Protein chains: 2
Amino acid sequence: MNALGYHLLLEMKDCNRELLNDPGRLERLLVDAANQAGATVVQKAFHHFNPHGVSGVVIIAESHLFIHTWPEHGYAAVDIFTCGDTVRADKAAEWLADKMGTTNFSMIELRRGVLPGVPATR
Amino acid sequence: MNALGYHLLLEMKDCNRELLNDPGRLERLLVDAANQAGATVVQKAFHHFNPHGVSGVVIIAESHLFIHTWPEHGYAAVDIFTCGDTVRADKAAEWLADKMGTTNFSMIELRRGVLPGVPATR
């Protein structure tokens, strides 16, 4: 389909709760996930909420990875937004789901920027 | 519905192309949009790509706002992800669409983290 962006929305339930409240480890995981996908990291911003929960983003040259965690519910929302044909968002998603220890995982796949004149992507 | 997050995905076509390539103005707009929604900004990260295009995020205490722009296509993908009942993501979306000058705008509304035991949100 002719789209500028490829957007994966990951619902990660029943994750490792300790990990969900550790911004340092989550930052390393998201950067590693970007590397798994073959993406180039350009910027990062992570925030640890009081008393618990983390919001973090890794901006990549090919768009972004985002995580919000609710440790008290064992839940994380993760988005992987990529553009171009070289990055493998699906690989990052699979790898990250494994590391997060989720035992109840689902994924929604979206196309963003469906426009005339845009080259076809996978 | 009982969900932790409320996620708006905005497709903004035919925007002001000059604005789409101006990270400083886009950063101010996203912060202003967060304020319009009644959200609390906690962190920001914006990146200007060579030769054109901007990726930016504003982390709010109630989740995040994200923008990716393709000035050469007049297009921006914007996400507004909020949690809790106090923030008005719809207000931020409407306000931002106006400022971006989009004449071809669509929006997808999603719930994230639909879990048992989570209080009902609007």
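1. Structural notes on the interface of chain A and chain B
(1) Moving on: Across the boundary between the two partners, chain A contributes 36 residues, which contact 36 residues of chain B.
(2) Moving on: Between chain A and chain B, roughly 2900 Å² of surface is buried when both sides are summed, and carbon and sulfur atoms account for 68% of that area.
(3) Moving on: Inspection of the chain A/chain B interface yields four salt bridges.
(4) Moving on: Note that B:Arg112 and A:Glu11 form a salt bridge whose closest N and O atoms lie 2.5 Å from each other.
(5) Moving on: Secondary-structure elements contributing two or more residues to the side of chain A that touches chain B are strand E1 (3-13), strand E2 (41-48), strand E3 (54-60), strand E4 (63-70), strand E5 (75-82) and strand E6 (104-114) of chain A.
(6) Moving on: In terms of residue count, E1(A) provides more of the side of chain A that touches chain B than any other element does, six residues in total.
(7) Moving on: Grouping the amino acids of the side of chain A that touches chain B by side-chain chemistry returns 22 nonpolar, 10 polar and four charged.

2. Remarks on the sheet that holds strand E5 (residues 75-82) of chain B
All names here are of chain B.
(1) Moving on: Spatial ordering of the open sheet is given by E2-E3-E4-E5-E1-E6, a layout of six strands whose pairing is antiparallel. Unpaired on one side and paired on the other, strand E2 (41-48) and strand E6 (104-114) mark the two borders of the sheet. In this sheet, adjacent strand axes meet at a mean angle of 10° when their direction is disregarded.
(2) Moving on: Of the strand pairs in this sheet, E2 and strand E3 (residues 54-60) are connected by seven bridges, and their pairing is antiparallel. By the bridge assignment for E3, His47 is matched with Ser55.
(3) Moving on: Packed on one face of the sheet, helix H3 (residues 89-100) meets strand E1 (3-13), strand E4 (63-70), E5 and E6 and runs near 15° to E1.

Calculation notes
- Residues numbered from 1 in each chain as written.
- Chains lettered and ligands numbered in written order.
- Predicted model: local features only at pLDDT ≥ 70, side-chain atom pairs only at ≥ 80, totals over all residues.
- Heavy atoms only, no water.
- Contact = heavy atoms within 4.5 Å.
- Buried area = accessible area lost by both parts, 1.4 Å probe.
- Salt bridge = Lys/Arg side-chain N within 4 Å of Asp/Glu carboxyl O.
- Helix = DSSP H or I, 4+ residues; strand = E, 2+ residues; numbered from the N terminus.
- Nonpolar A, V, L, I, M, F, W, Y, C, P; charged D, E, K, R; others polar.
- Pairing = 2+ DSSP bridges.
- Axes fitted to C-alpha atoms, helices over the stretch in contact; angles between N-to-C directions.

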